[in-house]
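# Working through the structure, step by step
Spelled out, the chains give:
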Amino acid sequence: MNRRTFLGSLAAGVAGAAAPTSIPIIDTHIHLFDPTRPGGIPWPPKSEPVLYRPALPARYREVTKSLGVAGAIEVECSPWFQDNQWVLDVCAKDPIMVGAIGDLEPEKAEFRKHLDRFHRNPLFLGIRCGNLWGRDFHGSVRNPQFLSGAKALADANLVMDIANPTPELVSDIVRLTDQVPTLRVVIDHLPAMEPVRDAAALRSHQANLRELGKRPQVYAKVSEVLRKVDGKTPLDPQFYRPRLDELWEVFGEDRLLFGSDWPNSDLWASYPQVLGVVRGYFAAKGDAAEEKYFWRNSRAAYRWVKRGQQPG
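In what follows, the accompanying structure is described. What you see is a predicted model; the values in this text were computed from it and never measured. Counting of residues starts from 1 at the beginning of each chain's written sequence and follows it residue by residue. Given that the model is predicted, a residue must reach a pLDDT of at least 70 before its local features are reported, and side-chain atom pairs must reach 80 or more before they are shown or counted; all residues, however, enter totals for whole chains, interfaces and linings. No hydrogens and no water enter the side-chain calculation; it runs on all heavy atoms of the structure.

### Considerations on the overall build of the protein
Condition: Numbering of helices and strands runs from the N terminus; a helix is a DSSP stretch of H or I covering at least four residues, while a strand is a stretch of E covering at least two. Note that the radius of gyration is over C-alpha atoms, with the globule rule given as 2.2 Å times the number of residues to the power 0.38. We call a residue buried when its accessible area falls under 20% of the maximum for its residue type, exposed when it is over 50%, and partly exposed in between, using a 1.4 Å probe and counting protein chains only. Asp and Glu are treated as the negative residues and Lys and Arg as the positive ones, with His and the ends of the chain left uncounted. By convention, the charge on Lys lies at NZ, on Arg at CZ, on Asp at CG and on Glu at CD.
Helix and strand counts for the protein stand at eleven helices and eight strands. In summary, the protein has a C-alpha radius of gyration of 19 Å against a globular reference of 20 Å for 312 residues, a match within 12%. C-alpha atoms of the protein, sized along the principal axes, occupy 60 × 50 × 40 Å. When burial is assessed residue by residue, the protein has 55% of its 312 residues classed as buried. Positive and negative side-chain charges of the protein, numbering 40 and 37 respectively, have mean locations separated by a distance of 3 Å.

### Describing the environment of Met193
Rules: Whether two residues are in contact is decided by their heavy atoms, any of which lying within 4.5 Å being enough.
As for its placement among the helices and strands, Met193 is situated in the loop between strand E6 (184-187) and helix H8 (199-213). When sequence neighbours within four positions are dropped, the list of residues in contact with Met193 reads Pro165, Thr166, Pro167, His205 and Arg243.

### Let's talk about the sheet that holds strand E8 (residues 256-258)
For clarity, the threshold we go by: If DSSP finds at least two bridges between two strands, the strands pair. Only the stretch in contact is used when a helix axis is fitted, and all axes are lines through C-alpha atoms; the angle between N-to-C directions ranges over 0 to 180 degrees.
Read from one edge to the other, the open sheet built from eight strands follows the order E1-E2-E3-E4-E5-E6-E7-E8, with strand pairing classed as parallel. In the strand order of this sheet, the two ends are held by strand E1 (25-30) and E8, each with one partner. Ignoring strand direction, the axes of neighbouring strands in this sheet form an average angle of 30 degrees.

### As for the state of the cysteines
This is how the line gets drawn: Defined by distance alone, a disulfide is two cysteine sulfur atoms within 2.5 Å.
Applying the stated criterion to the full structure yields zero disulfides. Left unpaired, Cys77 is separated from the closest cysteine sulfur, that of Cys91, by 11 Å. Look at Cys77 and you get buried, because its relative accessible area is 7%. In this structure Cys91 comes out as buried when scored by relative accessible area, which is 0%.

### As for the pairing of strand E5 (residues 159-163)
To keep things clear, this is the line we draw: Orient the strands so they point away from the viewer; a crossover is then right-handed if the path from the first strand over the helix to the second runs clockwise.
With five of its five residues buried, E5 lies for the most part within the structure. As judged from the five bridges shared by strand E4 (residues 124-130) and E5, these two strands associate in the parallel manner. Looking at E5, one finds that Arg128 is bridged to Asp161. Pairing of E5 with E6, which is carried by four bridges, proceeds in the parallel orientation. The residue of E6 that forms the bridge with Val159 is Arg184. Assessed by its sense of winding, the connection that carries the chain from E5 through helix H7 (residues 167-179) to E6 is right-handed.

### Let's talk about the pairing of strand E3 (residues 97-102)
Counting buried residues along E3, six of its six residues qualify, which places the element largely inside the surrounding structure. Where strand E2 (residues 69-75) meets E3, four bridges bridge the pair, whose relative direction is parallel. Bridged to Ile73 within E3 is Gly99. Handedness of the E2-helix H3 (residues 82-92)-E3 crossover: right-handed.

### Notes on the nonpolar core
The line we're drawing: In plain words, nonpolar cores are sets of buried Ala, Val, Leu, Ile, Met, Phe, Trp, Tyr and Cys residues tied together by side-chain atoms within 4.5 Å.
If you look at the biggest cluster of nonpolar residues, it comprises 92 residues, and the most contacted ones within it are Met160, Leu176, Phe251 and Tyr302. Considering each element in turn, this core owes the most residues, seven residues, to helix H10 (residues 271-282). Sequence-distant contacts of Phe251, defined by excluding residues within four places in its chain, comprise Ile187, Leu190, Leu209, Leu212, Gly213, Val218, Ala220 and Leu256.

### Some words on the packing of aromatic side chains
The description of an aromatic ring pair rests on the distance of the ring centres and on the angle between the ring planes. The condition that has to hold: Only rings of Phe, Tyr and Trp enter the pairing, Trp through its six-membered ring, and a pair is recorded when the two centres are within 6.5 Å. The plane angle decides the type: under 30 degrees is stacked, over 60 is edge-to-face, the rest tilted. Either the NZ atom of lysine or the CZ atom of arginine qualifies as a charge over a ring when it sits within 6 Å of the ring centre and within 35 degrees of the ring normal.
A full pass over the atoms with the stated rule returns 13 aromatic pairs. Measuring from centroid to centroid gives 5.6 Å for Phe33 and Trp43, while their planes differ by 80 degrees, and the two rings are edge-to-face. One end of the pair, Phe33, is in the loop between E1 and helix H2 (57-63); the other, Trp43, is in the loop between E1 and H2, with ten residues separating them in the sequence. Looking at Phe33, the relative accessible area reads 2%, which means it is buried. Its end group placed over the ring of Trp86, Arg37 keeps NZ or CZ at 4.8 Å from the ring centre. Across from the ring centre of Phe294, 5.7 Å away, lies the NZ or CZ of Arg279, which sits over that ring.

### Considering the side chain of Ser223
Note the cut-off: Two N or O atoms count as a polar contact when they lie within 3.5 Å, although within protein this holds only if one can serve as hydrogen donor and the other as acceptor, and sequence-adjacent residues are included solely when both atoms are side-chain atoms.
Examined against the element boundaries, Ser223 turns out to sit in the loop between strand E7 (218-222) and helix H9 (241-251). Look at Ser223 and you get buried, because its relative accessible area is 0%. Engagement of the side chain of Ser223 in a polar contact is seen with the side chain of His189, the distance being 2.8 Å. Not counting residues within four places of it along the chain, the set of residues in contact with Ser223 comprises Asp188, His189, Leu190, Pro191 and Gly259.

### Quick word on the packing of H10 against helix H11 (residues 287-302)
Here is the rule we go by: Only Asp, Glu, Lys and Arg are considered charged in this grouping, and only Ala, Val, Leu, Ile, Met, Phe, Trp, Tyr, Cys and Pro are considered nonpolar; every other residue, Gly among them, is considered polar.
Contact pair H10 / H11: the axes reach a minimum separation of 9 Å and the direction vectors enclose 145 degrees. Across the interface between the two elements, Leu275, Val278, Arg279 and Phe282 from H10 touch Glu290, Tyr293 and Phe294 from H11. Along the lines of polarity and charge, the residues of the contact of H10 with H11 split into five nonpolar, no polar and two charged.

Here it is in C-alpha cells:
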C-alpha cells in the first residue's frame, strides 16, 4: 500500500482521523475570539455552548498538535471596527499566526484611511465581504464607491475573502472581478452551498463557476466541507467526493486552499476528523497537488510572510 492509498484509507476507516504527514499545512480559515474579555464579543452567541469559550492561538496549537499544522490565517468573525486591531495584536504574540483577514467596508468614506492604517502591519492580509452581518453584497458590487475601494485593496496587494456563497453571490463575484480584474479573491465555504435544484438556475450557476475557474486571481477555499445527515456527520471522504470533484474540475490543483473553519468546525467534528476528510481526498491527487492544496496555494493567494516553522 503506497502513502496516498494509506492516508486515504486511514482517513476513511479510522473515524476520519488525520494521520501524520511530511507535508506542512497552512490553515487559511480559523476564527479567534475571547468571550471573557471586557465588552464581550458579537459572535458566537452565549446560546452556543460548543463555541462560546476562548478561541486563541494557544488553544489552536493544542488542537492541532502533531497534525503537521505550521501556520494559520485568522478570518474576521466580528463587525466591530476595533476588533481588527484586537486580532492583529493577538496574532502578533504567536508565530503560528501568519496573518489576519479583517473587516472593513470598501464603500465607506473612511475605508482608505483605515486600509492605510492596517496595511502597515504585515499580518494584515486583506478583508472579508459577502453575505455577512446583514450587508448587501449584491448591491455593493454595483456601487462605484465599493468598486473604488476594492481597487484600492488590489493596489495594496491585499486579498478579499468572500463568504457564505449562494448562486447570486457567485454571479456577483463574476461581476466584481469583471470590474476589478486585479483583485485577488478567495471564495470561502463553497462546499457548504445549498445544492441548486432548478435546472436552468443550475446551468447558470455552473457557467459562472466555470468563468471564475478561468480567472487566475480567483481561489476557492475548501472549507465547511462536513455536514450532518440524520444528526450524524459522515467522515468517509467518498461521501463528499461529488462536491470536491466539482471544485477540483473548476479550479484545479493551483487554486484550491485548505481551511478548517476552526472552531466553528467543532459543530460537525473534531479538528483531526475535519482534516482527515480533506486529506483523504487530496492525498489521492498526488504529492505535488497535495502540497499545493495544503500550503503553496495559500502563499500565492494571501502573500503571507514566514514567521516561524512555516515552509518556504
